[in-house]
2 protein chains.
Amino acid sequence: MAPHFNGPAGTFLQRLNVLADLPADLSTALHDLVANSRCLGANHDIVLQGDQPSQCCVILEGWVSRNKVGAAGKRQITSLHFSGATPDIQSLLHPVMDHNITTLTKTKVGFIPHSHMRSLMERFPVLKEAFWKDTSLELAIAREWEVNLGARSAVERTAHLFCEIATRLEWFGRATRSGSALSFEMPLTQIQLGEATGLSSVHINRSMRTLRASGMIEQTRHWFTISDLPKLAAFADFNPDYLIPERPQD
Amino acid sequence: MAPHFNGPAGTFLQRLNVLADLPADLSTALHDLVANSRCLGANHDIVLQGDQPSQCCVILEGWVSRNKVGAAGKRQITSLHFSGATPDIQSLLHPVMDHNITTLTKTKVGFIPHSHMRSLMERFPVLKEAFWKDTSLELAIAREWEVNLGARSAVERTAHLFCEIATRLEWFGRATRSGSALSFEMPLTQIQLGEATGLSSVHINRSMRTLRASGMIEQTRHWFTISDLPKLAAFADFNPDYLIPERPQD
DNA sequence: TGCATAATACAACAATTGATAAGAGCGCTC
DNA sequence: GAGCGCTCTTATCAATTGTTGTATTATGCA
């Protein structure tokens, strides 16, 4: 176990260590860099399209989305990020943001100046590879979202999103299994779920009612139980292979 | 001008040089690696989901798609690639393919063994950065496609795809401007356009009829003219900023 | 605790898109 | 150059999803 996996930046280091084998002194350096943090409410923009950030954010707690807002005001969420993520790392490569990064829940965010990140990458080239791998994983997830948005019905889309969320949460110890059932907290509102699946919130509501009626999910407020994950996965055509690069070793 | 930009691997080197500043000896080495090539017909799979490639492909001529086929047999194209692209470079990072790479037209493909690519990256770390940037650009395009699939009407989606294709082609000298009009060859069938936009081919046909009737595009077979690009872009909510990392210097 | 705000549930109707079918045009192969 | 297959076009009808509106229930804050 590398050092500092339990500090506020613990999940951040845990994720990076899955993507590449970081030497201990790099972990320590990264850990020290995110000492400062801010707490934000839900639906708060961290970075806006058009911004030119001079630092990278690290999600320490809470859920965050990338999203773009169209001319007609319709918002599309293009990805979800939990604690440990560095969603604007690409600002090191492309100075101008092409999308917004917005909190979905109350969130704790740390920041690392670009200059520090760059010099760390000079000293530890493996860090560059870890972030390239992170970008590549994100691209695989984005591809699956394209399939979800373009090739699945409303109920399938909703079910697929729940499967992905449950799987990613479980891998980081944030879902509990009992038999083939999986329980977890899913704090998104139906409006946010609609923005992620390209559906109206009313239709998300209909789809969730269908999934509940079929017995595939149980739910009280934001606590979900997928009663039979293999069954829901089969229904949603969910194959977790595209997520595997993120999976921590057991 | 770096050497060898005019050989069969010319567009490949041109694209990479946009993404990072490659030294001349690296360009030469890359150029020599893609000496061998194969010609394939349309709708031919280059790599399949589940494969574990031991080499990377370089598109030398023709159009190629990434795509996934769902349980019900419905295919979703998740990205389009022209000559110069290296669509399975991520197999260096993640051994198992999570999607198919399939030709859309007659295509000429070169191959570079992973081992050679890896040793080149050791010698020239800047190459790693160029490919990271390439992955990051692809992610930006995938995000915009998610918006297209999830948040735009059928006609807007179709128009947006044409705007993106026209812009990318023009940047590599494959579209000709006259005034605010832009002409180019677009060899995709309506079925393929449907797979890229998540629409049925019949509805693609309807959407194109609408665009022709409105005067925003003219078309005979596979030759397209966007009569007034700013107007079509405004209609489709197309903002080319997300593509800019790929734009060659004038 | 109570009030204001936000989220959920659900119904009725409208709009968009998909499915099916059938004819016409084009290009490729033998 | 004749035939075959694929693509394009168009129409009709069906299915899915969006919109609007209104209760109802939670939640956060004073």
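From a predicted model like this one, the values you see are computed outputs, not experimental measurements.

### Some thoughts on the protein's contact with DNA strand C
Logical step 1: Taken together, 17 residues lie around DNA strand C, and A:Gln190, A:Asn205, A:Arg209, B:Ala154 and B:Arg206 are the ones closest in.
Logical step 2: Near the protein, meaning within 4 Å, the atoms of DNA strand C are sugar or phosphate in a fraction of 64%, with bases accounting for the rest.
Logical step 3: At 2.8 Å, a side-chain N or O of A:Gln190 approaches a phosphate oxygen of DNA strand C.
Logical step 4: With respect to DNA strand C, the backbone of B:Gly198 contributes an N or O atom lying 3.4 Å from a phosphate oxygen.
Logical step 5: The set of elements that each furnish at least two residues to the surface near DNA strand C consists of helix 7 (201-213) of chain A together with helix 7 (201-213) of chain B.
Logical step 6: It is helix 7 of chain A that provides the largest number of residues to the surface near DNA strand C, a total of five residues.
Logical step 7: Here the residues of the surface near DNA strand C sort into four nonpolar, eight polar and five charged.

### Side note on the protein's contact with DNA strand D
Logical step 1: Around DNA strand D, 17 residues are found, and the nearest of them are A:Ala154, A:Arg206, A:Arg221, B:Gln190 and B:Asn205.
Logical step 2: When atoms of DNA strand D within 4 Å of the protein are split into backbone and base, the sugar-phosphate part holds 64%.
Logical step 3: Contact between DNA strand D and A:Arg206: a base nitrogen at 2.7 Å from a side-chain N or O atom of the residue.
Logical step 4: Contact between DNA strand D and B:Gln190: a phosphate oxygen at 2.6 Å from a side-chain N or O atom of the residue.
Logical step 5: Every element with two or more residues in the surface near DNA strand D is listed here: helix 7 of chain A together with helix 6 (190-197) and helix 7 of chain B.
Logical step 6: In terms of residue count, the dominant contributor to the surface near DNA strand D is helix 7 of chain B (five residues).
Logical step 7: The residue makeup of the surface near DNA strand D, split by class, is five nonpolar, seven polar and five charged.

### Quick look at the UniProt feature "domain: HTH crp-type" (unreviewed entry) in chain A
Logical step 1: Sites flagged by UniProt as "domain: HTH crp-type" (unreviewed entry) map to residues 152-230 of chain A.
Logical step 2: With 52% helix and 22% strand, residues 152-230 of chain A has its two end C-alpha atoms placed 18 Å apart.

### Thoughts on the packing of aromatic side chains
Residues and elements named next belong to chain A.
Logical step 1: All chains considered together, the criterion is met by eight aromatic pairs over all chains.
Logical step 2: Their ring planes at 55° and their centres at 4.5 Å tell us that Trp 63 and Phe 82 sit as a pair that is tilted. Here Trp 63, found in the loop between strand 3 (55-61) and strand 4 (64-69), pairs with Phe 82, found in the loop between strand 5 (75-81) and strand 6 (100-103); they are 19 residues apart in sequence, far enough to count as distant. Comparing Trp 63 with Phe 82, the two get one shared label, buried.
Logical step 3: Arranged with centres 5.0 Å apart and planes meeting at 55°, the rings of Phe 162 and Phe 224 form a pair that is tilted. Of this pair, Phe 162 sits in helix 5 (residues 154-171) while Phe 224 sits in strand 11 (residues 223-226), and the two are 62 residues apart along the sequence.
Logical step 4: The class of Phe 224 is buried, set by a relative accessible area of 2%.

### Let's talk about the sheet that holds strand 6 of chain A
Residues and elements named next belong to chain A.
Logical step 1: The antiparallel open sheet is built from four strands, whose spatial order is 2-6-4-5. The sheet terminates laterally at strand 2 (45-47) and strand 5, the two strands that pair on one side only. The sheet shows a mean angle of 35° between the axes of neighbouring strands, taken without regard to direction.

### Some details on unusual backbone geometry
Logical step 1: Positive phi values are uncommon outside glycine, yet A:Asp237 reaches one of about 60°.
Logical step 2: For A:Asp237, the location among the structural elements is in the segment after helix 8 (229-236).

### A word on the relation of the copies chain A and chain B
Logical step 1: Between chain A and chain B, the superposition needs a rotation of 180° and an axial shift of 0.0 Å, giving an RMSD of 0.0 Å. Here the copies are linked by what is in effect a two-fold axis.
Logical step 2: The fraction of interface residues of chain A whose copies in chain B are also interface residues reaches 100%, indicating that both copies meet through the same surface.

### Some points on the environment of A:Arg177
Residue and element names in this part refer to chain A.
Logical step 1: Mapped onto the secondary structure, Arg 177 falls in strand 8 (residues 175-178).
Logical step 2: C-alpha separation for the pair Arg 177 and Thr 225, spaced 48 residues apart in sequence, amounts to 9.3 Å.
Logical step 3: At a separation of 2.7 Å, a polar atom in the side chain of Arg 177 contacts the side chain of Glu 170.

### Details of the packing of helix 6 (residues 190-197) of chain A against helix 7 of chain A
Residues and elements named next belong to chain A.
Logical step 1: Packing of helix 6 against helix 7 leaves a shortest axis separation of 8 Å and a crossing angle of 100°. Between helix 6 and helix 7, the angle falls in the class roughly perpendicular. Of the residues in helix 7, those touching helix 6 at Gln 190, Ile 191, Leu 193, Gly 194 and Thr 197 are Ser 201, Ile 204, Asn 205 and Met 208.
Logical step 2: Of the residues that constitute the contact of helix 6 with helix 7, the class distribution is four nonpolar, five polar and no charged.

### Focus: the nonpolar core
Logical step 1: Membership of the largest hydrophobic core comes to 51 residues, with the highest contact counts inside it found for A:Leu30 and B:Leu30.
Logical step 2: Apart from the residues lying within four places of it in its own chain, the contact partners of B:Leu30 are B:Phe12, B:Leu13, B:Leu16, B:Leu22, B:Met117, B:Leu120 and B:Leu127.
Logical step 3: B:Ala154, B:Cys163, B:Met208 and B:Leu229 belong to the second-largest nonpolar core, a separate cluster that totals 41 residues.

### Some thoughts on the domain arrangement of chain A
Residues and elements named next belong to chain A.
Logical step 1: Here chain A is described as being made up of domain 1 (10-145) and domain 2 (153-246).
Logical step 2: Look at where the C-alpha atoms of domain 1 and domain 2 centre, and you get two points 24 Å apart.
Logical step 3: Contacts between the two partners involve 21 residues from domain 1, matched on the other side by 20 residues from domain 2.
Logical step 4: Interface area for domain 1 against domain 2, summed over the two sides, is near 2,000 Å², with a carbon-plus-sulfur share of 63%.
Logical step 5: By the criterion of area lost to domain 2, the three top residues of domain 1 are Trp 63, Phe 82 and Glu 144, representing 28% of everything that side buries.
Logical step 6: Counting the contacts that link domain 1 with domain 2 gives two salt bridges.

Rules behind the numbers
Residue positions are given per chain, counted from 1 along the sequence in the order it is written. Lettering for chains starts from A, numbering for ligands starts from 1, and both go in the order in which the items are written. Only residues with pLDDT of at least 70 get local features here, since the model is predicted, and only at 80 or more are side-chain atom pairs given and counted; chain-wide, interface and lining totals rely on the full set of residues. Note that the side-chain values use all heavy atoms of the structure and ignore hydrogens as well as water. Consider each residue's heavy atoms; a residue with any of them within 4 Å of a molecule or strand counts as near. Two N or O atoms form a polar contact when they lie within 3.5 Å of each other; inside protein one atom must be a possible hydrogen donor and the other a possible acceptor, and for residues adjacent in sequence the pair counts only when both atoms belong to side chains. The secondary structure listing takes helices from DSSP runs of H or I that are at least 4 residues long and strands from runs of E that are at least 2 residues long, numbered from the N terminus. Here the term charged refers only to Asp, Glu, Lys and Arg, the term nonpolar to Ala, Val, Leu, Ile, Met, Phe, Trp, Tyr, Cys and Pro, and the term polar to all other amino acids, Gly among them. UniProt positions are given in the numbering used here, feature names are shortened, and annotations may be inferred rather than shown by experiment. Paired rings are identified among Phe, Tyr and Trp, the last through its six-membered ring, by centres lying within 6.5 Å, and are further divided according to the angle between planes into stacked (under 30 degrees), edge-to-face (over 60) and tilted (the rest). Buried means the residue's accessible area, taken with a 1.4 Å probe over protein chains only, is under 20% of the maximum for its type, while exposed means over 50%, and partly exposed covers the values in between. A pair of strands counts as paired when DSSP detects no fewer than two bridges linking them. Where helices are involved, their axes are fitted lines through C-alpha atoms of the stretch in contact, as for all axes, and angles between N-to-C directions lie from 0 to 180°. Alignment of the copies relies on least squares applied to C-alpha atoms, considering only residues that score at least 70 for pLDDT in both. Pairs of residues are marked as contacts when any of their non-hydrogen atoms sit within 4.5 Å. Convention used here: angles under 35 degrees read as roughly parallel, angles over 145 as roughly antiparallel, angles from 65 to 115 as roughly perpendicular, and any remaining angle as oblique. Buried Ala, Val, Leu, Ile, Met, Phe, Trp, Tyr and Cys residues that are joined via side-chain atoms within 4.5 Å together make up what is termed a nonpolar core. Where each domain starts and ends follows an automatic or database-derived domain assignment. Defined here as a combined quantity, buried area equals the accessible surface (1.4 Å probe) lost by two parts on assembly, summed across both. Definition used for salt bridges: Asp or Glu carboxyl oxygen within 4 Å of a side-chain nitrogen of Lys or Arg.

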